[in-house]
Amino acid sequence: MGGEAKDGLVAGHVSLWYGDSQALRDVSLEMRPREVTALIGPSGCGKSTFLRCLNRMNDRIPGCRVEGSFRLGDQDLYRDVDSYELRRRVGMVFQRPSPFPLSIYENVAYGVKRHLRRGKSQLDATVERSLTEVGLWDEVKDKLNDAGTSLSGGQQQRLCIARALAVDPEVILMDEPTSALDPIATSSIEELAASISRERTVVIVTHNMQQAARIARRTAFFYLGELVEVAETRELFATPKDKRTEDYLTGRFG
Ligand SMILES: Nc1ncnc2c1ncn2[C@@H]1O[C@H](COP(=O)(O)OP(=O)(O)OP(=O)(O)O)[C@@H](O)[C@H]1O
Ligand SMILES: [Mg+2]
């Protein structure tokens, strides 16, 4: 099960409609294993829509239609994997920290109980390992029964990441995970995203160019539902090939 990501995620010719309105246009993107890929672009250009496709969160939206393919290794995410299994393998972290109304312990144990059969001692070990991985163990080990929501915003976000990691996913998706956090909490989430990517595939949506520069090996620029260009982050920022990318990076729109 799970473990180190050998294969990245590959999206091929993805188009998506909400009813009659097209939100993604023929997007193809390889998100390589053991790297952070950043998705940037102005508000409303389809970044969250694209990210949600990667673990089929759009399935729940009435009137939403997706075309194209998503591959994880030799498997097609929409044909070969059921959405329940998919959400174990592809975890999601949201903009606002969203702990369940449960204790710290139960927040992390939640997915493990649902997805994997584990005895109590294995469960305890998984909770400890996951909280340690996000740097939260020492802060919470004496209050595991306190409510997850009693933690600070930055701690809650790390708790949510621990919850996602506990089921040992190959891919972690993050949708503006630091936009509600102060600079110190932001920097700890960035370090965490970088360390998670040593073993897993990480895809992060960000409005913060410095953040992309700090942690993402490659960056993809979206505009009006299209993927305009993707390149090594340094290269994209230094020598964008498309005028729209250049205009966005220099603050001419967005
Ligand atoms: N559930 C939905 N139903 C209908 N339209 C939607 C839905 N979610 C998003 N859209 C539309 O799809 C387009 C892309 O939205 P999306 O949220 O993916 O953009 P985004 O790049 O993540 O923007 P932001 O940077 O503001 O988060 C927008 O026009 C938006 O209004
Ligand atoms: Mg968004």
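Scroll up to find the structure.
Basis of the calculations
Residue numbers run consecutively from 1 along every chain, following the written order of its sequence. To read the labels, note that chains go from A and ligands from 1, taken in the order they are written. For this predicted model, a pLDDT threshold of at least 70 governs which residues receive local features, and a threshold of 80 or more governs which side-chain atom pairs are given and counted, while totals over whole chains, interfaces and linings are taken from all residues. Side-chain measures were taken over the full set of non-hydrogen atoms in the model, leaving aside hydrogen atoms and water. Strands here are runs of E lasting at least two residues and helices are runs of H or I lasting at least four, both read from the DSSP assignment and numbered beginning at the N terminus. Under the convention used throughout, the expected extent of a helix is 1.5 Å for every residue step, that is, one less than its residue count. Accessibility here uses a 1.4 Å probe with only protein chains present; expressed as a share of the type maximum, an area under 20% marks a residue as buried, one over 50% as exposed, and anything in between as partly exposed. Strand pairing is defined by DSSP finding a minimum of two bridges between the two strands. Where helices are involved, their axes are fitted lines through C-alpha atoms of the stretch in contact, as for all axes, and angles between N-to-C directions lie from 0 to 180°. Note on contacts: a residue pair qualifies if any of its non-hydrogen atoms lie within 4.5 Å across the two residues. The term salt bridge refers to a pairing of a side-chain nitrogen on Lys or Arg with a carboxyl oxygen on Asp or Glu at a separation within 4 Å.

Student: How do you make sense of helix H6 (residues 153–166) when you look at a structure like this?
Tutor: Residues spaced three or four apart along an α-helix point in a common direction, a consequence of the helix completing one turn every 3.6 residues. For H6, spanning 14 residues, the distance from its first C-alpha to its last is 20 Å, which sits close to the expected 20 Å at 1.5 Å a residue. Counting buried positions along H6 gives 13 out of 14 residues, so the element sits mostly inside the fold. Backbone geometry just downstream of H6 places Asp168 in the positive-phi region, at approximately 60°.

Student: Help me understand unusual backbone geometry in this model?
Tutor: One can expect most non-glycine residues to show negative phi and most peptide bonds to be in trans. Positive phi is not limited to glycine here, since His13 has a value of about 50°. The exposure class of His13 is exposed, given its relative accessible area of 54%. The phi angle at Asp26 is positive, at roughly 50°, despite the residue not being glycine. Tracing the backbone shows Asp26 in strand E2 (residues 21–31). Classification of Asp26 by relative accessible area gives partly exposed; the value is 48%.

Student: I'm lost on the sheet that holds strand E6 (residues 90–93) in this one. Help?
Tutor: Hydrogen bonding along the main chain pairs the strands of a sheet, whether they run parallel or antiparallel. Pairing in this open sheet of 6 strands is mixed, and the strands run E6-E7-E8-E3-E9-E10 from one edge to the other. Lying at the two open borders of the sheet, with one neighbouring strand each, are E6 and strand E10 (226–232). Sheet twist, expressed as the mean angle between neighbouring strand axes with direction ignored, is 20°. Across 4 bridges, E6 lies against strand E7 (residues 171–175) in parallel orientation. Directly across from Val90, in E7, lies its bridge partner Val171. Here helix H7 (residues 183–196) sits on the sheet in contact with strand E3 (36–40), E7 and strand E8 (201–205), set at roughly 155° to E7.

Student: How do you make sense of the pattern of salt bridges when you look at a structure like this?
Tutor: Should their charged atoms come close, side chains of opposite charge can pair. A full pass over the atoms with the stated rule returns 18 salt bridges. Measuring nitrogen to oxygen at the nearest pair gives 2.8 Å for the salt bridge that ties Glu170 to Arg89. Of this pair, Glu170 sits in the loop between H6 and E7 while Arg89 sits in helix H2 (residues 83–89); the two residues are 81 residues apart in sequence, bridging distant segments of the chain. On the accessibility criterion, Glu170 (13% relative accessible area) is buried. A salt bridge links Lys243 to Asp247, with the nearest nitrogen and oxygen atoms 3.0 Å apart. One end of the pair, Lys243, and the other, Asp247, are both in helix H10 (residues 243–249), 4 residues apart, so they sit about a helical turn from each other. Using a relative accessible area of 52% as the deciding quantity, one classes Lys243 as exposed.

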